[in-house]
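Descriptive analysis of the structure
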Amino acid sequence: MARIRVAVVGAAGRMGREVVRAVCAQQHMTLATAVDLEHPGEDVGPLAGLPETGVTIEQDLRQALSRTRPQVMVDFTRPDVVLSNIECALDCGVRPVVGTTGLKAEEIERLAALCEERELGCVIAPNFAVGAVLLMKMSQMAASVLPAVEIIELHHEGKLDSPSGTALKTAEMIAAARGEAPQEPGPPERGTVSHGVRIHSVRLPGLVAHQEVIFGGLGQTLTLRHDSVSRESFMPGVLLAIEKVISLRKLVYGLEHLLDL
Ligand code: NAD
């Protein structure tokens, strides 16, 4: 079986280094190139805690993709650059697997149209941890019976966007399950409201990525909680998306669409 050639963008970041480790550990994948604005010219291996790989960090994404011709680009960068990175990849005929959060709904719609036009697969997932996907699915199920709900998302202090992409996606899924009966959002000064669901964001050192979804009913509450205690938790989902995106011809938003749930 031919190895899948993978570009990692944001390779010097927290998630990027984890992806470099995960890709290098796969016999059916090759790290084709690593892109970041930090650590240019450095071998990405030692940065990720591995021996030298021979792949050095490049700063110019278009140049790196054109020269190394990967099939897949994995992006864990920043909310303000991810859109142009995805557009650049599609332009170069490279399939994006995107974990960077902060893309707006209308931007995802525009990208979906671009993918169909180019007949290229793309996976965008606000959370690649399978447990978080289960949390979203279970929240959707619970919301049809217990429509009063609030979300608390908790992340490390370096996270740039809030509320988290996972919380926004959970709110969207809950809203779909509640159908015609959206919750009265109440006064705006507590947290943020998305799709009629109130979301609270906590940012503290010591945290990785956590979410609670609390449902309230008559004389009872139901709390669903997921904890990513290490960034390894995202890697099986990222690797699955790299494998699946090769045969897709459209954009898929959410890991749940790649899993048999
Ligand atoms: P980080 O700040 O540690 O890493 C981001 C890296 O991107 C940095 O090394 C930075 O230099 C690099 N970068 C910035 N602009 C760039 C550009 N134009 N081209 C190339 N590289 C560039 O951040 P992180 O903790 O690794 O998180 C990255 C993103 O992933 C965030 O949006 C975060 O919310 C998201 N995230 C998603 C999941 C998921 O499962 N989908 C999980 C964890 C984090």
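Chains are numbered independently. Their residues run from 1 in the order of the written sequence. It should be noted that, the model being predicted, local features are given only for residues of pLDDT at least 70 and side-chain atom pairs only at 80 or more, the latter also being counted only at that level, while totals for whole chains, interfaces and linings use all residues. To obtain the side-chain values, all non-hydrogen atoms of the structure were included, while hydrogens and water were left out.

**Topic: the site of the ligand**
- We call a residue near a molecule or strand as soon as one heavy atom of that residue lies within 4 Å of the molecule or strand. Taken together, 23 residues sit near the ligand, with Met15, Asp36, Thr101, Phe128 and Lys159 positioned nearest.
- Here a polar contact means two N or O atoms within 3.5 Å. Within protein one must be a hydrogen donor candidate and the other an acceptor candidate, and residues neighboring in sequence count only if both atoms are side-chain atoms. Contact distances for the ligand include 2.8 Å between an oxygen atom and a backbone N or O atom of Phe128.
- Between the ligand and Lys159, the relevant distance is 2.8 Å, taken from an oxygen atom to a side-chain nitrogen or oxygen of the residue.
- With residues, only the protein chains shown are counted as cover, and all accessible areas are computed by Shrake-Rupley using a 1.4 Å probe. Relative to its unbound accessible surface of 870 Å², the ligand loses 84% to contact with the protein.
- Taking a 2 Å distance to the grid points as the criterion, the majority of the atoms of the ligand fall inside the largest pocket. We place a 1 Å grid over just the protein atoms. Points where a 1.4 Å probe fits but has no way out form a cavity, open points with protein on both sides within 12 Å along at least 5 of 7 lines form a pocket, and any residue with an atom within 4 Å of a point lines it. Should more than half of a molecule's atoms lie within 2 Å of a pocket's or cavity's grid points, that molecule is taken to sit in it.

**Describing the domain arrangement of the chain**
- Here the chain is described as being made up of domain 1 (4–124 + 232–259) and domain 2 (130–229).
- What marks off one domain from the next here is an automatic or database domain assignment. Placing the centre of domain 1 and that of domain 2 at their C-alpha centroids yields a distance of 27 Å.
- Only heavy atoms enter the contact rule, under which two residues are in contact if any of them lie within 4.5 Å. Contact with domain 1, which involves 12 residues of that partner, is made by 14 residues of domain 2.
- Once two parts are joined, some of their accessible surface, as seen by a 1.4 Å probe, is lost; buried area is that loss totalled over both. A buried area of about 1000 Å², summed over both sides, lies between domain 1 and domain 2, and 63% of it is on carbon and sulfur atoms.
- Three residues stand out in domain 1 for area buried against domain 2, namely Thr101, Tyr253 and Glu256, and they jointly supply 43% of the buried area on that side.
- Counted as salt bridges are all cases of a side-chain nitrogen of Lys or Arg within 4 Å of a carboxyl oxygen of Asp or Glu. One can count 1 salt bridge joining domain 1 with domain 2.
- There are 5 residue pairs in polar contact (both at pLDDT 80 or more) connecting domain 1 and domain 2.
- Gly is placed with the polar residues, together with every amino acid not listed as nonpolar (Ala, Val, Leu, Ile, Met, Phe, Trp, Tyr, Cys and Pro) or charged (Asp, Glu, Lys and Arg). Classifying every residue of the side of domain 1 that touches domain 2 gives 5 nonpolar, 4 polar and 3 charged.

**Remarks on a nonpolar patch on the surface**
- Patch definition: residues above 30% relative accessible area lacking any salt bridge, with like charges linked at up to 9 Å and the nonpolar side chains Val, Leu, Ile, Met, Phe, Trp and Tyr linked at up to 5 Å. Together, Val130, Leu134, Met138 and Leu261 give the surface a local cluster of nonpolar side chains, amounting to about 350 Å² of exposed area.
- Helix and strand assignments come from DSSP, with helices taken as H or I runs of at least 4 residues and strands as E runs of at least 2, each series counted from the N terminus. Along the chain, Val130 falls in helix 6 (residues 130–143).

**Some points on the sheet that holds strand 5 (residues 95–98)**
- For two strands to be treated as a pair, DSSP must find at least two bridges joining them. Spatial ordering of the open sheet is given by 3-2-1-4-5-6-12, a layout of 7 strands whose pairing is parallel. Each edge of the sheet is formed by a strand with only one pairing partner; in this case those strands are strand 3 (57–58) and strand 12 (251–253).
- Direction of pairing for strand 6 (residues 122–124) relative to strand 12: parallel, over a ladder of 3 bridges. For Ile124, the partnering residue across the bridge sits in strand 12 and is Tyr253.
- In this fold helix 8 (residues 235–245) packs onto strand 1 (4–9), strand 2 (29–35), strand 4 (72–75), strand 5 and strand 6, with an angle of close to 160 degrees to the strand it touches most, strand 5. Helix axes use the C-alpha atoms of the stretch in contact, all axes being lines fitted to C-alpha atoms, and the angles between their N-to-C directions lie in the range 0 to 180 degrees.

**Quick look at the environment of Ala12**
- Inspection of the secondary structure puts Ala12 in the loop between strand 1 and helix 1 (14–24).
- Taking the C-alpha atoms as reference, Ala12 lies 43 Å from Leu146; in sequence the two are 134 residues apart.
- Beyond its immediate sequence surroundings of up to four residues, Ala12 is in contact with Arg17, Asp36, Glu38, His39, Leu47 and Ile57.

**Here's the deal with the pairing of strand 4**
- Using a 1.4 Å probe on the protein chains alone, a residue whose accessible area is under 20% of its type maximum counts as buried, one over 50% counts as exposed, and one in between counts as partly exposed. Burial along strand 4 is two-sided: Val72 and Val74 facing one way and Met73 and Asp75 facing the other are all buried.
- Both strand 1 and strand 4 contribute to a ladder of 4 bridges, which runs parallel. If you follow Val9 over to strand 4, its bridge partner there is Asp75.
- Pairing between strand 4 and strand 5: 4 bridges, direction parallel. Along strand 5, the bridge assignment pairs Met73 with Pro96.
- Taken together, strand 4, helix 4 (residues 82–91) and strand 5 constitute a β-α-β crossover, and its handedness is right-handed. A crossover counts as right-handed when, viewed with the strands pointing away from the observer, the path leading from the first strand over the helix to the second turns clockwise.

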